[in-house]
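Here is how the chains run, residue by residue.
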Amino acid sequence: MVEIEIDGKKVEVQEGSMVMDAANKLGTYIPHFCYHKKLSIAANCRMCLVEVEKAPKPLPACATPVTAGMIVRSNSTKAVAAQKSVMEFLLINHPLDCPICDQGGECQLQDLAVGYGGSSSRYDEEKRAVAPKEAGPLISMQEMSRCIHCTRCVRFGQEIAGVMEFGMLGRGEHAEITSFVGKTVDSELSGNMIDLCPVGALTSKPFRYSARTWELSRRKSVSPHDSLGSNLVVQVKGGKVMRVLPLENDDINECWLSDRDRFAYEGVNSAERLTAPMIKQDGQWITTDWKTALEYVAHGLRNIRHEHGADAIAALAAPHSTLEELSLLQKVVRGLGSANVDFRLRQSDFVLDGKVTPWLGMSVTEFGQLRRALVIGSFLRKDHPLLAAKLRQAVKRGAKLSIVHGSDDDLLMPVANKIIAAPSEWLAVLSQVIAAVALAKGIAAPTGFEAIEASDAAKAIAASLLAEEPTAILLGNAAAQHPQAALLHVAAEWIAQNTNASFGYLTEAANTVGGYLANAIPGNGAERGANALEAFAQARKAYLLLNAEPEYDSHNPQQARAALEQAEMVVVMSPFVQGKDYADVLLPVAPFSETSGTFVSAEGRAQSFNGTVKPLGETRPGWKVLRVLGNLLELGGFDYESSEAIRNEILGVATPAEADLRGRLNNLSGLAPLAAQAAVATGLERLADVPIYAGDAIVRRAESLQQTADAQAPAAWISAALAQQLGVAAGGTINVKQGQGSATLEVGIARGLPDNVVRVAAAHAATVGLGAMFGEISVEKA
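This is a predicted model, so every value here is computed, not measured.

How big an interface is tends to be stated in terms of accessible area lost as the parts join. For the chain, the assigned domains are domain 1 (1–75), domain 2 (278–348 + 512–661), domain 3 (364–505) and domain 4 (685–781). For domain 3 and domain 4, the distance between their C-alpha centroids amounts to 26 Å. Between domain 3 and domain 4, the residue contacts involve 19 residues of the former and 17 residues of the latter. Overall, the association of domain 3 and domain 4 removes approximately 1400 Å² of surface from exposure, summing both partners, and the carbon and sulfur fraction of that is 60%. The partner of aspartate 409 in a salt bridge is arginine 759, with the nearest N and O atoms 2.8 Å apart. Applying the counting criterion to the domain 3 and domain 4 interface returns five residue pairs in polar contact (both at pLDDT 80 or more). Contributing elements (two or more residues each) for the side of domain 3 that touches domain 4: α11 (380–383) and α15 (477–481). Here the residues of the side of domain 3 that touches domain 4 sort into nine nonpolar, five polar and five charged.

On to the packing of helix α9 (residues 323–335) against helix α21 (residues 622–632). Axis separation between α9 and α21 bottoms out at 8 Å; the angle between their running directions is 20°. As far as their axial angle goes, α21 and α9 are roughly parallel. α21 is crossed by α9, and the crossing has left-handed handedness. Contacts between α9 and α21 involve Glu324, Glu325, Leu328, Leu329 and Val332 on the former and, on the latter, Gly622, Trp623, Leu626, Arg627, Leu629 and Gly630. Here the residues of the contact of α9 with α21 are counted per class, giving six nonpolar, two polar and three charged.

The peptide bond linking glutamate 469 to proline 470 adopts the cis configuration, its omega dihedral lying at 0°. By secondary structure assignment, the location of proline 470 is in the loop between α14 (456–467) and β21 (471–475). In this structure, aspartate 7 takes a positive phi of about 50° despite not being glycine. Counting through the fold element by element, aspartate 7 comes out in the loop between β1 (2–6) and β2 (9–13). Under the relative-accessibility criterion, aspartate 7 is labelled partly exposed at 28%. Residue glutamate 254 is not a glycine yet carries a positive backbone phi of 55°. Within the element layout of this structure, glutamate 254 appears in the loop between β13 (240–246) and α6 (259–263).

Take serine 221: it is sitting in strand β11 (residues 217–222). With sequence-adjacent residues up to four places away left out, serine 221 is seen in contact with Ser230, Asn231, Leu232, Val234, Phe592, Phe609 and Thr612.

Let us now look at the packing of aromatic side chains. Aromatic rings considered in pairs are described by the distance between their centres and by the relative angle of their planes. On inspection of all chains with the given rule, the structure shows six aromatic pairs. Here tryptophan 426 and phenylalanine 774 contribute two aromatic rings whose centre-to-centre distance is 6.4 Å and whose plane-to-plane angle is 75°, an arrangement assigned as edge-to-face. Linking tryptophan 426 in helix α13 (residues 426–441) with phenylalanine 774 in strand β33 (residues 774–776), this pair joins segments that are 348 residues apart in sequence. For tryptophan 426, a relative accessible area of 0% puts it in the buried group. Judged by relative accessible area, which is 6%, phenylalanine 774 ranks as buried. Each ring, one from phenylalanine 599 and one from phenylalanine 609, has its centre 5.0 Å from the other, and the planes form 35°; the classification is tilted. Residue phenylalanine 599 is found in strand β26 (residues 597–600), and its partner phenylalanine 609 is found in strand β27 (residues 606–609); the two are separated by 10 residues along the sequence. Phenylalanine 609 matches phenylalanine 599 in its accessibility class, with the two residues each being buried. A cation over an aromatic ring shows up here: arginine 243 above the ring of phenylalanine 207, its NZ or CZ 4.3 Å from the ring centre. Note that arginine 701 overlies the ring of phenylalanine 576, its terminal NZ or CZ placed 4.3 Å from the centroid.

Rules of the game
- Residues numbered from 1 in each chain as written.
- Predicted model: local features only at pLDDT ≥ 70, side-chain atom pairs only at ≥ 80, totals over all residues.
- Heavy atoms only, no water.
- Domains from an automatic or database assignment.
- Contact = heavy atoms within 4.5 Å.
- Buried area = accessible area lost by both parts, 1.4 Å probe.
- Salt bridge = Lys/Arg side-chain N within 4 Å of Asp/Glu carboxyl O.
- Polar contact = N/O pair within 3.5 Å; in protein donor to acceptor, adjacent residues only side chain to side chain.
- Helix = DSSP H or I, 4+ residues; strand = E, 2+ residues; numbered from the N terminus.
- Nonpolar A, V, L, I, M, F, W, Y, C, P; charged D, E, K, R; others polar.
- Axes fitted to C-alpha atoms, helices over the stretch in contact; angles between N-to-C directions.
- Parallel < 35°, antiparallel > 145°, perpendicular 65-115°, else oblique.
- Left-handed = near helix turned anticlockwise from the far one by under 90°.
- Buried < 20%, exposed > 50% of the residue type's maximum accessible area, 1.4 Å probe, protein only.
- Phe/Tyr/Trp six-rings, centres within 6.5 Å; stacked < 30°, edge-to-face > 60°.
- Lys NZ or Arg CZ within 6 Å of the ring centre and 35° of its normal.

What follows is the structure, given as structure tokens:
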């Protein structure tokens, strides 16, 4: 540690720190533009010039290392004169358009111009003008004349997002920030560049000209999309969500947000919102009141239980539902005598039910400090954008990442070892890694693995995992949705235990972990109950759907659709008008922005939030709807006054901060792994990803996100060898058939994709006619 003095106050900081770090520790503000605590030092704006004793001229605080006994003055006459000179220079070319600038009211340049700018300009020449740029549907670059070349956006792309999408052209006053010729900004983290821009050069396209910052109320919330549980600031005007920004939390999302978390609020304001209960009578939809709708539902459920038995009723929820909603949904179903309730709609293997409660297996902070990691079956960048960014930072610090997956995606970071294999071969690959670990450690391989010969790639993964700690073995969404998920889990568990690694899941949705804690899984004592796959495979007479769109959210949309169409009663509880073809009742339940609730993130962190705006029209919070339904069905235990009462009952504590849920989560099955030999490819098989902007009902209705490159209609991705065999080229079309359904899709040629794999996205209107996310598939030239 080194002691220095700033403005008469002494402070100790780490050797190698900069003067700016010492000032931040003291709480002393030094004006700056290009400096940002999460980015590298550029020192190109010169606004942070300070006087350092014995230095001949002012020095930039962001790039001046501390030395023992250093004396710094940040507001001396010399320092302030230097800062004012820099400000005058910055304002020479800056347009005088604050009244019409979208950044007005939250602009660093505006704020510092008040303190350091002159009352009039001495510059009488023409100001420079920079042509507007087109950067895609999320970022507006219409007023690039405002840019002060702090390069924060350029550094963010290179250092955090992992892809350089902005760069600087020209020199001096001809310098300008631009994207690559003909390219838009397509990173899944691009919106952070809007936050980083200290002036009005990069602004939010969806928010543009819709409100002034001082008109907005600010409310805390939690992201309802991926399993990180990013903290949000939801900004509201006139009872409408206008904008979403990150709420800084170094333990979770730091100061970043993925574009999905930032722009999905548009879905909440969608024209497809359901604003009053509706009932279908004689094939016609009529709007009704809550009392009539809920009594109709209660009456229908009683009749079906009476005529067909309680087992004819099933309830299915999206894992984006709150802890409270999931808890009351399972209580209603179990109160009716059924054990058929599930939230794991995309899962297909439930062998480990009752044995494991999957979670990350460590904190997010520990995840960011890993030195070795093996990620199995994950579309990492698109499924978990901010966790991928954390892993990227770890790799930059020397961590080694190994991958076992079905497609060779660009993760925008160096991957030390990877095995790209068809999904049917993943178990054989893990069997080889088990054999390689046993060989490297000189221990006996598990029973049945004696004859397994490890490939060089498997040996490299084993050597990497044994080289350094902390280590983690992580299963992704594709592994959890795999038809052999349990066998993959047990194999990965053995590898983790024998490499002294943490073992966990990169869980799918905001409340995947919470679904287990809320007991929204099948089973009722002696009765096993039907899981999500069985509930559709063996069709029921009544379905309760909460926040779910089965044709997009299910493992097998064909089966789901057929089951719903034959049912006598389908109750859809959703914020949106959907499922009119098969539903009998539509009940408008509030999205996350209009209800209070709790999400439990992948790391087992319970986070409660309140509604940020009043429910739209006749919309009601889902937990209230289910509570009243429980009362109408005359079930016990539905006398809750608030969502907090339900939460406290589930968590067993008065506040989420007190809840230590790790003791209730368990990734270890205790089962012995099963060996698998490399299979000989017989036919083509499907690998299905869920596109980043198709994961849940809100995101699917976010207009701007649906215009991005990631939301374009899915292609059928095949290898160059398979394309040659079929006689098709990239951009051509092929017919894809699976089960009873088919789809005509554009061809994409993917580097590194196994020759017997066809990658076709799920959860999209173009592919909902197809069958299961994994399994046999056939293709032919259109």
